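# What the coordinates show
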Amino acid sequence: MTLDLTHWMLLSALMFSVGLVGLLTRKNAVALLLSVEVMANAVNLNLVAIGQHRGDETGQVMALFGIALTVAEVVVGLAIIILIHRLNKTIELDEISEL
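Starting from 1, residues in each chain are numbered consecutively following that chain's sequence as written. Local features are withheld for residues below a pLDDT of 70 in this predicted model, meaning they are given only at 70 or higher, and side-chain atom pairs are given and counted only at 80 or more; totals for whole chains, interfaces and linings count all residues. Side-chain measures here rest on the full set of heavy atoms in the structure, leaving out hydrogens and waters.

Turning our eyes to something else, we now look at the pattern of salt bridges. Salt bridge, as used here: a side-chain nitrogen of Lys or Arg that lies within 4 Å of a carboxyl oxygen of Asp or Glu. Taken as a whole and assessed by the stated rule, the structure comprises one salt bridge. Linking Asp56 and Arg54 is a salt bridge whose minimum nitrogen-to-oxygen distance equals 3.5 Å.

Written out as structure tokens, the structure is:
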């Protein structure tokens, strides 16, 4: 069985959906950050699959830039979560009243 573009798109859509459900249902700040990462990885998978389908490396280059952006997002997000934990002693978003 060979995997074509449709299979990769379906896998990417499933990953994005799982991330979106996690983003909408979780109340923990780390879980929200993880859900956003799953969604970003779904987008990167789409970019690579489309680039492979077209026969060039453009999708891989764009995915590398996307990975670099998500790394920066994780660093900033974790720094904010650490500061919130220091101030409020919790990372549950329902219990936080101010930033």
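What follows continues from the structure just given.
Working definition: helices are DSSP H or I runs of at least four residues, strands are E runs of at least two. Numbering for both runs from the N terminus. Among the structural elements, Ala79 can be located in helix 3 (residues 58-88). Since its relative accessible area comes to 37%, Ala79 is described here as partly exposed. With 46 residues separating them along the chain, Ala79 and Leu33 place their C-alpha atoms 12 Å apart. Throughout, exposure labels follow a simple rule: accessible area from a 1.4 Å probe, protein chains only, divided by the maximum for the residue type, with under 20% read as buried, over 50% as exposed, and the rest as partly exposed.

So, about the packing of helix 1 (residues 5-25) against helix 2 (residues 29-54). The convention used is that axes are lines fitted to C-alpha atoms, helices contributing only their stretch in contact, and that angles between N-to-C directions extend from 0 to 180 degrees. At their nearest, the axes of helix 1 and helix 2 sit 8 Å apart, and the two run at 165° to each other. By the angle between their directions, the pair helix 1 and helix 2 is classed as roughly antiparallel. Relative to helix 2, helix 1 is oriented so that their crossing is left-handed. Lys, Arg, Asp and Glu make up the charged group, whereas Ala, Val, Leu, Ile, Met, Phe, Trp, Tyr, Cys and Pro make up the nonpolar group; the residues left over, Gly among them, are polar. Of the residues belonging to the contact of helix 1 with helix 2, the class tally is 17 nonpolar, seven polar and no charged. Put simply, angles under 35 degrees are roughly parallel, angles over 145 are roughly antiparallel, angles from 65 to 115 are roughly perpendicular, and the rest are oblique. If you view the pair so one helix is near and one far, a crossing is left-handed when the near helix is turned anticlockwise from the far one by less than a right angle, and right-handed when it is turned clockwise.

Quick look at the environment of Ala72 now. With respect to the helices and strands, Ala72 occurs in helix 3. The sequence separation of Ala72 and Ile82 amounts to ten residues, and the corresponding C-alpha distance is 16 Å.

Attention now moves to the confidence of the model for the protein. pLDDT gives the predictor's per-residue confidence on a scale running from 0 to 100. Of all residues in the protein, 98% have pLDDT values of 70 or greater, and the mean over the chain is 91. Model confidence for the protein, summarised as mean pLDDT per element, is weakest for helix 3 at 92 and strongest for helix 1 at 96.

In this section: the side chain of Asn44. On the secondary structure map, Asn44 appears in helix 2. It only takes one pair of heavy atoms within 4.5 Å for two residues to be counted as in contact. Discounting chain neighbours no more than four positions away, the residues touching Asn44 are Ala63, Gly66 and Ile67.

Under the 1.5 Å per step criterion, the end-to-end length of helix 3 is 44 Å for 31 residues, consistent within 8% with the ideal 45 Å. All of the buried residues along helix 3 are Gly59, Ala63, Gly66, Thr70, Gly77, Ile81 and Ile84. Residues of helix 3 that are buried in the fold lie against helix 2. One or two residues past the end of helix 3 sits Lys89, with phi positive at roughly 60°. Between the first and last residue of a helix there are one fewer steps than residues, each counted as 1.5 Å, and that sum is the expected span.

This part covers unusual backbone geometry. Leaving glycine aside, a negative phi is the common case for residues, and trans is the common case for peptide bonds. Even without being a glycine, Lys89 presents a positive backbone phi close to 60°. Here Lys89 falls in the exposed class, since its relative accessible area comes to 63%.

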